[in-house]
Amino acid sequence: LAEKLQDTFAKLKGKGKLNEKDVKSALREVKMSLLEADVNYKVVKKFVNKVEERAIGQEVMDSLTPGQQVIKIVNEELTDLMGGERSELTSADSPPSIYMLVGLQGSGKTTSTGKLARQFKEKGKEPLLVAADVYRPAAIKQLQVLGERLDVEVFQMGDQNDPVDIVKAGLARAEKEKLDPVIIDTAGRLHIDEELMQELQDIQEAINPTETLLVVDAMTGQDAVNVADNFSEKLDISGMIMTKLDGDARGGAALSIREVTGKPIKFAGMGEKLDQMEPFHPDRMASRILGMGDVLSLIEKAEKSIDKEKAKDLERKLREDSFTFEDFLDQLDQVRNMGPISDLMGMIPGAGKAKQLKNMQLDDSELDRIEAIISSMTPEERRNPKVINGSRRRRIANGSGTSIQEVNRLLKQFKQTKKMMKQLSGKGGKKKSGFNLP
Ligand code: GDP
Ligand code: MG
């Protein structure tokens, strides 16, 4: 997949900008690659359309090739598709929190139960593991061994009792002994069957778990997606644990699962050992699916370097006193693309330390209003704000749907900023001279 994509993007390299043809041909190959990586067809289609829509006509950042620009968009959209932010485990309002693990046989439920217990134990919690798999021979024993190793209590009632009764009794035990959380290891089957689903539904109804986590095996690719789809239709699944991502599993399943079920993947199993489970990070997974770690870090660097170039340019303008509202508008665009204005200011030598800049913290809606005000100015006004008199201020306020006060404030801010930054950028500073005698 990585090679394929790299090929594709290499083809785009050196072209002037992202036109429809470039983007379309690149995405045709992306589509093939994603399908090869076992991403669900519907997901691929939706994904490709979304990226296309976003990519065509988009400005290519100065230091990026069009190909890199597309990679950037693809990577961002992949991350987005997997939920964007990392999704934490929910805990109950009043303890104990109850986590019920479900999934097919061999997906890694029992192992993940142990891994979860270990993580809670590390945080100073005293979990209780409940052995509710009464079908698989040695399932209870397996959990007991894990419990011993972790020094965590395991509740079991043998294999002759109803799982619902076992779970209820386990919960009672946890409440009595103040154990928290309760982690329930349930039975699986080789395939989805109605009897199992009914049993799991009954358990859910009886104890109302804080989270029901579906454990899926990444190695099973597209099957994992079908399993996830099926389970989430019949049970109230709150999130997923994807196991065996340490193998050469094609990350494609992670992408599809999130999209098909709408439920977040919360953990990634990275090996058989109990310390080998990590929080699931959509951005890292996206990079993995793309298989382009190197290219992505290159893009990051390039992005940083263009910031520096623009900052230098900005510094020069400030020094020459030619900084205008046009530049300001340009800066606003950059700010939107890059994050907090304070970061941008941090790139101007000396400016990062200025206390006054802390007052310039702007939020998005303020940015919108400022942009509206500047957009309502004539080009001449933007270059030379001194010409903006009272009636022009009223006209600008009307045109931008803001108030005269806001226009005044911006003009004042602009003037102050300019003055301040001019000082900071060195013009007002004293130069050292070798001829100064004591
Ligand atoms: P269960 O039937 O769902 O309870 O599955 P188990 O927890 O018994 O796991 C089945 C097999 O998968 C065992 O051999 C585990 O060691 C293995 N396993 C579970 N999670 C992972 C993982 O993240 N990576 C790898 N490589 N193996 C795993
Ligand atoms: Mg098991």
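Note that this is a predicted model, so its numbers are computed, not measured.

Considering the overall build of the chain
Okay, step 1: Along the backbone of the chain there are 18 helices and eight strands.
Okay, step 2: By the burial criterion, 38% of the 438 residues in the chain qualify as buried.
Okay, step 3: Intrachain contacts of the chain at a sequence separation of at least 6 include 75% that bridge at least 24 residues.

Looking at the nonpolar core
Okay, step 1: Core analysis: the biggest nonpolar cluster contains 81 residues, and L129, V130, I184, V216 and M242 have the highest contact counts within it.
Okay, step 2: By residue number, the principal contributor to this core is helix α3 (residues 41–55), which donates six residues.
Okay, step 3: Residues from two domains meet in this core; each of domain 1 (2–81) and domain 2 (98–286) gives at least three.
Okay, step 4: The contacts of M242, once residues within four sequence positions are left out, are V216, A218, A254, I265, A268, G269 and F280.
Okay, step 5: Core analysis: the second largest hydrophobic core is formed by eight residues, I370, I373, I374 and V407 among them.

Overview of unusual backbone geometry
Okay, step 1: Put simply, P95 and P96 share a cis peptide bond, and its omega is 5°.
Okay, step 2: Of note, P96 is situated in the loop between α4 (66–81) and β1 (98–102).
Okay, step 3: Each neighbour pair has its own omega, and for D180 with P181 the value is 0°, a cis peptide bond.
Okay, step 4: Among the structural elements, P181 can be located in the loop between α7 (163–177) and β4 (182–186).
Okay, step 5: Not every positive phi belongs to a glycine, and K178 is a case in point at roughly 55°.
Okay, step 6: In this structure, K178 sits in the loop between α7 and β4.
Okay, step 7: The phi dihedral of K244 is positive, around 60°, even though this residue is not glycine.
Okay, step 8: Secondary-structure assignment places K244 in the loop between β6 (239–243) and α10 (252–261).
Okay, step 9: Residue classification places K244 among the buried residues on the basis of 22 C-beta atoms within 10 Å.

Let's talk about the site of ligand 1
Okay, step 1: Near ligand 1 you find 18 residues, and of these G108, K109, T110, T111 and G269 are the closest.
Okay, step 2: Considering every element that reaches the shell around ligand 1, the biggest residue donor is helix α5 (residues 109–122), with three residues.
Okay, step 3: Residue composition of the shell around ligand 1, by class: two nonpolar, 12 polar and four charged.

Observations concerning the pairing of strand β2 (residues 128–132)
Okay, step 1: Counting buried positions over the five residues of β2 gives five, a clear majority of the element.
Okay, step 2: A two-sided burial pattern is seen for β2, the buried positions comprising L128, V130 and A132 on one face and L129 and A131 on the other.
Okay, step 3: Strand direction decides the pairing type here: β2 and strand β3 (residues 153–155), joined by three bridges, are parallel. In the sheet register, L128 faces β3, and the bridge partner there is E153.
Okay, step 4: Where the polypeptide runs from β2 across helix α6 (residues 139–150) and back to β3, its parallel neighbour, the crossover connection is right-handed.

Concerning α5
Okay, step 1: In a regular helix each residue adds 1.5 Å, so 14 residues correspond to 20 Å; α5 covers 20 Å between its end C-alpha atoms and thus fits that length.
Okay, step 2: The buried fraction of α5 amounts to 10 of the 14 residues, a majority that puts the element mostly inside the structure.
Okay, step 3: Those residues of α5 lying buried are K109, T110, T111, S112, T113, G114, K115, L116, A117 and R118.

Remarks on the confidence of the model for the chain
Okay, step 1: Averaged over all residues, the pLDDT of the chain is 82; the fraction at 70 or higher stands at 79%.
Okay, step 2: In the model, residues 11–15 has pLDDT below 50 throughout and makes 11 contacts with residues more than four positions away in sequence or in other chains.
Okay, step 3: Low confidence marks residues 427–438, where pLDDT is under 50. Its contacts with residues over four positions away, or in another chain, come to four contacts.
Okay, step 4: As scored by the predictor, the complex reaches a pTM of 0.67 and an ipTM of 0.99.

Topic: the UniProt feature "domain: SRP54-type proteins GTP-binding" (unreviewed entry) in the chain
Okay, step 1: Per the UniProt record, the feature "domain: SRP54-type proteins GTP-binding" (unreviewed entry) sits at residues 264–277.
Okay, step 2: Segment residues 264–277 splits into 0% helix and 43% strand. End C-alpha atoms: 16 Å apart.

Overview of the sheet that holds strand β5 (residues 211–217)
Okay, step 1: Taken in spatial order, the eight strands line up as β3-β2-β4-β1-β5-β6-β7-β8 in an open sheet, and their pairing is mixed. Two strands close off the open sheet at either side, each with one partner strand: β3 and β8 (277–279). For this sheet, the mean inter-axis angle between neighbouring strands, taken without regard to orientation, is 25°.
Okay, step 2: In this structure, strand β7 (residues 265–269) lies alongside β8, joined through three bridges in antiparallel fashion. Within β8, the residue paired with A268 across the bridge is E278.

A few points about the environment of F414
Okay, step 1: Looking at the element boundaries, F414 is found in helix α18 (residues 404–424).
Okay, step 2: C-beta crowding within 10 Å serves as the criterion here: with 17 such atoms nearby, F414 is assigned to the partly exposed category.
Okay, step 3: Each C-alpha atom of the pair F414 and F325 lies 8.1 Å from the other, and the pair is 89 residues apart in sequence.

Some remarks on the packing of α3 against α4
Okay, step 1: Packing of α3 against α4 leaves a shortest axis separation of 10 Å and a crossing angle of 135°. It follows that α3 is oblique to α4 by the angle criterion. Between α3 and α4 the crossing geometry is right-handed. Every residue of α4 that contacts α3 at F47, K50, V51, R54 and A55 is listed here: V70, I73, V74, E77 and L81.
Okay, step 2: A breakdown of the residues in the contact of α3 with α4 according to their chemical character gives seven nonpolar, no polar and three charged.

Re the environment of V154
Okay, step 1: Mapped onto the elements of the fold, V154 is located in strand β3.
Okay, step 2: The class for V154 is buried, based on 23 C-beta atoms found within 10 Å.
Okay, step 3: Residues V154 and P127 lie 27 residues apart in sequence; the distance between their C-alpha atoms is 8.9 Å.
Okay, step 4: Here V154 is in contact with L129, A131, L143, Q144 and G147, once residues within four sequence places are set aside.

Criteria and thresholds
Residues numbered from 1 in each chain as written. Chains lettered and ligands numbered in written order. Predicted model: local features only at pLDDT ≥ 70, side-chain atom pairs only at ≥ 80, totals over all residues. Helix = DSSP H or I, 4+ residues; strand = E, 2+ residues; numbered from the N terminus. Buried ≥ 20, exposed ≤ 12 C-beta atoms within 10 Å, placed from the backbone. Contact = placed C-beta atoms within 7 Å. Core = buried A, V, L, I, M, F, W, Y, C linked by C-beta atoms within 7 Å. Domains from an automatic or database assignment. Near = placed C-beta within 6 Å. Nonpolar A, V, L, I, M, F, W, Y, C, P; charged D, E, K, R; others polar. Pairing = 2+ DSSP bridges. Right-handed = clockwise from strand over helix to strand, strands pointing away. Expected span 1.5 Å × (residues − 1). pLDDT = per-residue confidence, 0-100. UniProt positions renumbered as here; feature names shortened; annotations may be inferred. Axes fitted to C-alpha atoms, helices over the stretch in contact; angles between N-to-C directions. Parallel < 35°, antiparallel > 145°, perpendicular 65-115°, else oblique. Left-handed = near helix turned anticlockwise from the far one by under 90°.

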